[in-house]
Amino acid sequence: MSDQSAPEPTAPETEALIPPPELLHGCPLVDSRGAKVVHCNREDYLELCRALEADGHSMPIGLTGVDYLTHPGRDLPAGIRPERFEVVVELQDMAHHRRLRVRCQVPASDPRLPSLFDLWPGTEYHERETYDMFGVVFDGHPDLTRILMPEDWEGHPLRKDYDTGHVPVQFKEAPRGATI
Amino acid sequence: MSETGTEPEPTDGPAGSVATGPVPKQSLVGRLLGRPRPGSAEIDEMLRMKTDEGSQELAPRSRTSPQELELESGRVLRLPEGVQLDRGDIDVETPEDESMILNLGPSHPSTHGVLRIMVEIDGETVLRSKPVVGYLHTGMEKTGEELMYHQGCTNVTRMDYLSPFFNELGFCLSVERLLDIEIPARAVWIRMLMCELNRISSHFLWLATNSADLGAINMLVYGWREREMVLAFFEKVTGLRMNHNYFRPGGVAADLPDGWRDDVLALCEAIPKRMDEYDDLLTGQPILQNRLVGVGPIDADTAISLGLTGPLLRSTGVAWDVRRDVPYLAYDKVDFDVIVGTNGDCWDRYAIRFNEIRESIRIIRQIADAMPVGDYRIQDKKITPPPRSRIDESMEALIHHFKLYTEGFRVPPGDAYVPVESPRGESGCYIVSDGTAKPYRVHMRSASLTNLQAMAPLARGGLLADTIAIVSTIDPVLGDVDR
C-alpha cells in the first residue's frame, strides 16, 4: 500500500478502507486497546526517543523486551520491518497526563540498540534486565552487566529458544531416566 | 562469599606451587607462600572468581569506568535551569587507600529480604553504593509463559509477596483489556476493598520493619500484630493469608463471606485508634526525627527521570497517584486525598506511608457503604468456570468445566499494559498474546526494582547508618525486584 511508484487502479479504494497510520515524529502511531503505541525501526529509535523526551515525556515507566521468534505474524503498521526482538518502552508525560508506548524492532542477527540512559537514567536497571534476559546490547549504557542471573550464566533465559528444561527426579525404584 | 576486598583464599599449600615451576611475576614472599602477589592480575581474577556476581559488584575505582562512576552524580541528578554542575563539588575524591568497600547483605535484617548493597566508605561517609540483586530470581516471567491465563494469577501473586493483590490485579486488568470484557460492579468493588486492605497491611509491615531498622524495636511487634488483623480477614475471604490467587480474569474467585461488613468495620474502628497511639509513640519522638528528617533528600525532577513512583515520588511534592490520575476499577467514585511531602527526605516518606493508612481506611469505609449486590464474576461461560453444583446437573456445564481446565480460554492477539498503584508505586503487567490460551510474554513492571535505582544517588555523601534508613524508606520487596 505504501508503494507509491506503481499505483494500481484499486489502490485508492483500499487506502480509503484502511486509513494510513497517523505519524508521530515520522513514526506510525497506532491505537492498541486504548493505549497509544508508536512503532519504529532501529535506526529511528534514538531520534524518536529524543523527540519524545523533548515533548515532555519525562518519566520512563519501564523498558522490556519481547522475543517474537515463534509468533512472527503480528500486527505491525506499514513501513515497520518485523524483526525477531522487540524492545518496548513505556513513557509517561507528567504534565499532560499522556502515556505512550514505543515498540522498536531489533534484528536477531545484531541485537543492539542505543541506550536511553542519557535521556532517562531510570531506564538503567530495565536495560540491564533486558540485556540479561534477551541479550539485547544497549550501546552507551554505563554498566551493562547481568542483573538477575549470575555473571557466568550462559544464554538469555527469556528468549523463546531457551528451553525451560526438566529436572530429573529419581523416585525410589523408578526406572532410570524418569523425568517429570 | 560475601567478604570482598579481603585476603584471597590460600591455595592448597606450598608443595603444589613448588612443583609447578618458577613463576617470574611473583614476589619472593608470594613464591614461598604459593600465592600470587597482592595487587596482581591473578588476585583480581581470584577475587572475581570467588563470588557469583563478578562485574555486577561494586569494583574499586581503578577498575570502574568513568561512565559508571558518574552513575550517582552528574548523569543522574537533574539540576534546575541555570545551575551549572561543578564536578569538583559533586565528586568526593578520596584516594583509594583511604576508602574501603564494604558489603551489606545479602542476609541482614535491615535489608528487607536478600538485598545486597555494596558501599565504598571513607570512615562513616558513603562515597558510592550499588545494590546487587538477583538472589531471589526464579524466572517467574518465563514460568508465566508456560501457564494458561486462569493459572497466571497463581504465579504473579508470588512476585511482590507483601502486596499480592496488586500483582493479581495488574495481571487480571491486562487480560481483561485484551479480552475486552467488562467485569460486574460487585467484583470491581471487592477488588478495591481487598487492595486497600492490602495497602494497609503492607504499610504496617513497612512501619514495623522501618522502626526496627531505626531502633524502635517495640514497633516491630505492633506492626506485625496489626498486619495480622488484616491478614486474618484475607484468610476468611480467600482461604490464605498470602499468595491468595483470589482475583481471576473475569472477576474474583468467590463472593465475600457472611459478616464481611462487620469485620471490615471492626478493622476501620480499631486501626485509626492504634494509628493515633503510634503517632504518639513514633512521630513526636526526637530520636526517630533525628534519624529521618533531612536524610536522603531527592528532588522532583531527578525522581521523575529515575522513574520513581509511589511514596518516593510523592515525597518530593509531585501529587502523582495512578488511582487518581489514570483511574482504574472504581477509584473515580470514591473520595480520597493524595498525600504529598515537600522535601523528599526520609521523614516525608515516613509521613506519607503513615497517612496513607488513614486514607485507605477512609476509602474502605466508603467501599463498605457502597458495595453493590450482584455477580462477583462475569457470566461468560467461556471464561468463568461453572459452579460445582451445576456440573452434576448440566452436561454443558461439565463440558465447559472440562474445556476450561484442560485447554483454558483463548485471548485475542495483541498487547496490553494497565497500571495500578501498589503500596510501592506503579505496578502493572505487560502481556503479549498470540491468540492462544497461554500468554506469549508476561512482564511485571516492578515498582521495587525501579525505585531501587534511587539507592545510589540517595545514599551518596551520607552516613552509613543513613543508608539503612534510606533502604528502609525506599521499601523494596525483593521478590518483586528479582521475580
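Residues numbered from 1 in each chain as written. Chains lettered and ligands numbered in written order. Predicted model: local features only at pLDDT ≥ 70, side-chain atom pairs only at ≥ 80, totals over all residues. Heavy atoms only, no water.

A few words on the domain arrangement of chain B. All names here are of chain B. Taken domain by domain, chain B comprises domain 1 (58–135 + 447–483) and domain 2 (140–445). A separation of 29 Å is found between the C-alpha centroids of domain 1 and domain 2. Counting residues at the interface gives 28 residues for domain 1, matched by 35 residues for domain 2. Taking both partners together, domain 1 and domain 2 bury about 2600 Å²; carbon and sulfur atoms supply 57% of that area. (Domains from an automatic or database assignment. Contact = heavy atoms within 4.5 Å. Buried area = accessible area lost by both parts, 1.4 Å probe.)

In the structure shown here, the tally under the stated rule is 49 salt bridges over all chains. Here Asp161 of chain A and Arg84 of chain A are joined by a salt bridge, their closest N and O atoms 3.2 Å apart. Residue Asp161 of chain A is located in the segment after β8 (137–139), and its partner Arg84 of chain A is located in the loop between β4 (59–67) and β5 (85–93); the two are separated by 77 residues in the primary sequence. Glu359 of chain B is the salt-bridge partner of Arg362 of chain B, the closest N and O atoms lying 2.7 Å from each other. Of this pair, Arg362 of chain B and Glu359 of chain B both sit in helix α16 (residues 346–370), 3 residues apart, roughly one helical turn. Given a relative accessible area of 29%, Arg362 of chain B falls into the partly exposed group. Residue class for Glu359 of chain B comes out buried when judged on its relative accessible area of 11%. Connected through shared salt-bridge partners, Arg74, Glu86, Glu90, Arg99, Arg101 and Arg103 of chain A together with Asp415 and Glu426 of chain B make up one network. (Salt bridge = Lys/Arg side-chain N within 4 Å of Asp/Glu carboxyl O. Helix = DSSP H or I, 4+ residues; strand = E, 2+ residues; numbered from the N terminus. Buried < 20%, exposed > 50% of the residue type's maximum accessible area, 1.4 Å probe, protein only.)

This paragraph deals with the sheet that holds strand β7 (residues 425–433) of chain B. Strand pairing in a sheet is mediated by backbone hydrogen bonds. Such pairs are either parallel or antiparallel. Residue and element names in this part refer to chain B. Taken in spatial order, the 3 strands make up an open sheet running β6-β7-β8, and their pairing is antiparallel. Every interior strand has two partners, whereas the edge strands, β6 (414–422) and β8 (441–445), have only one. Pairwise comparison of adjacent strand axes, ignoring direction, gives a mean angle of 10° for this sheet. Sheet topology places β7 next to β8; 5 bridges connect them, and they run antiparallel. Directly across from Cys429, in β8, lies its bridge partner Met444. (Pairing = 2+ DSSP bridges. Axes fitted to C-alpha atoms, helices over the stretch in contact; angles between N-to-C directions.)

Residues and elements named next belong to chain B. Strand order in the open sheet made by the 3 strands is β1-β2-β3, with antiparallel pairing throughout. Taken across any chain shown, the strands that pair with only one partner, and hence form the sheet edges, are β1 (100–104) and β3 (125–132). Each adjacent strand pair in this sheet contributes to an overall mean axis angle of 25°, direction not counted. Examined bridge by bridge, strand β2 (residues 116–122) and β3 share 7 bridges and lie antiparallel to one another. Across the sheet, Ile121 pairs through a bridge with Val126, a residue of β3. Most of the contacts of helix α21 (residues 464–474) go to β2, to which it runs at about 150°, and overall it touches β1, β2 and β3.

Once that is clear, we can look at unusual backbone geometry. Leaving glycine aside, a negative phi is the common case for residues, and trans is the common case for peptide bonds. Residue and element names in this part refer to chain B. The backbone of Asn243 sits at a positive phi, close to 50°, despite the residue not being glycine. Within the secondary structure layout, Asn243 lies in the loop between α10 (217–238) and β4 (247–248). With a phi angle near 60°, Asp475 is a residue other than glycine that sits in the positive phi range. Positionally, Asp475 belongs in the loop between α21 and α22 (478–482).

With that out of the way, let us pick up the confidence of the model for chain A. Residue and element names in this part refer to chain A. In the predicted model, chain A carries a mean pLDDT of 81, and 80% of its residues have values of at least 70. The weakest mean pLDDT in chain A belongs to helix α1 (residues 11–17) at 49; the strongest belongs to β5 at 92. Predicted confidence is poor over residues 6–15, with pLDDT under 50, and the contacts of this stretch with residues over four places away or in other chains come to 3 contacts. (pLDDT = per-residue confidence, 0-100.)

Across the contact, 52 residues belong to chain A and 56 residues belong to chain B. The tally of links from chain A across to chain B stands at 6 salt bridges. Note that Arg101 of chain A and Asp415 of chain B form a salt bridge whose closest N and O atoms lie 3.1 Å from each other. Scanning the region where chain A abuts chain B turns up 26 residue pairs in polar contact (both at pLDDT 80 or more). For the side of chain A that touches chain B, the secondary structure elements donating two or more residues are β4, β5, β6 (98–106) and α3 (124–134) of chain A. Among the residues making up the side of chain A that touches chain B, the classes are represented as 23 nonpolar, 14 polar and 15 charged. (Polar contact = N/O pair within 3.5 Å; in protein donor to acceptor, adjacent residues only side chain to side chain. Nonpolar A, V, L, I, M, F, W, Y, C, P; charged D, E, K, R; others polar.)

Here we take up helix α2 (residues 45–55) of chain A. At 3.6 residues per turn, the α-helix brings residues three or four places apart onto the same side. All names here are of chain A. Listing the buried residues of α2 in full gives Tyr45, Leu48, Cys49, Ala51 and Leu52. For α2, the angular spread of the buried residues around the axis is 160°, confining them to a single face. Away from its buried face by more than 90 degrees, α2 exposes Glu47 and Ala54. Following α2 by one or two positions, Gly56 adopts a phi angle in the positive range, close to 115°. (Arc of directions from axis to C-beta.)

So, about the environment of Ala447 of chain B. All names here are of chain B. By the element assignment, Ala447 lies in helix α19 (residues 447–451). Looking at Ala447, the relative accessible area reads 1%, which means it is buried. Spatially, the C-alpha atom of Ala447 lies 9.1 Å from that of Pro423, the residues being 24 residues apart in sequence. When residues no more than four places from it in sequence are discounted, the contact partners of Ala447 are Thr309, Arg424, Gly425, Glu426 and Asp480.

So, on to helix α9 (residues 185–213) of chain B. Residue and element names in this part refer to chain B. Taking 1.5 Å per residue, 29 residues should reach 42 Å; α9 reaches 42 Å between its end C-alpha atoms and fits that length. Where burial is concerned, most of α9 is hidden: 28 out of the 29 residues are buried. One or two steps after α9, the chain reaches Gly215, where phi turns positive at roughly 105°. (Expected span 1.5 Å × (residues − 1).)

Bringing the packing of aromatic side chains into the picture now. Counted by the stated rule, this structure contains 12 aromatic pairs over all chains. A centroid spacing of 5.7 Å and a plane angle of 20° characterise the contact between Tyr68 of chain A and Tyr440 of chain B, whose relative ring orientation is stacked. Here Tyr440 of chain B lies in the loop between β7 and β8 and Tyr68 of chain A lies in the loop between β4 and β5, a pairing that spans two chains. Assessed through its relative accessible area of 3%, Tyr68 of chain A is described here as buried. Ring centres of Tyr246 of chain B and Phe247 of chain B lie 5.9 Å apart, and the angle between their planes is 45°; this geometry places the pair in the tilted category. What makes Tyr246 of chain B buried here is its relative accessible area of 2%. Within the aromatic cluster, the residues linked to one another by ring pairs are Phe165, Phe234, Tyr246 and Phe247 of chain B. When the ring centre of Tyr125 of chain A is taken as origin, the NZ or CZ atom of Arg128 of chain A, which lies over that ring, is 5.8 Å away. For Arg191 of chain B, the ring lying beneath its charged end belongs to Phe247 of chain B, and the centroid distance is 5.6 Å. (Phe/Tyr/Trp six-rings, centres within 6.5 Å; stacked < 30°, edge-to-face > 60°. Lys NZ or Arg CZ within 6 Å of the ring centre and 35° of its normal.)

What follows deals with a nonpolar patch on the surface. Residue and element names in this part refer to chain B. Among the surface-exposed residues, Met395, Leu398 and Ile399 lie close enough to one another that they form a single nonpolar patch of about 290 Å² accessible area. Structurally, Leu398 can be placed in helix α18 (residues 395–407). Leu398 gets classed as partly exposed once you look at its relative accessible area, which sits at 39%. (Patch = residues over 30% accessible without salt bridge, like charges linked within 9 Å, V, L, I, M, F, W, Y side chains within 5 Å. Areas by Shrake-Rupley, 256 points an atom, 1.4 Å probe, with all protein chains shown as cover.)

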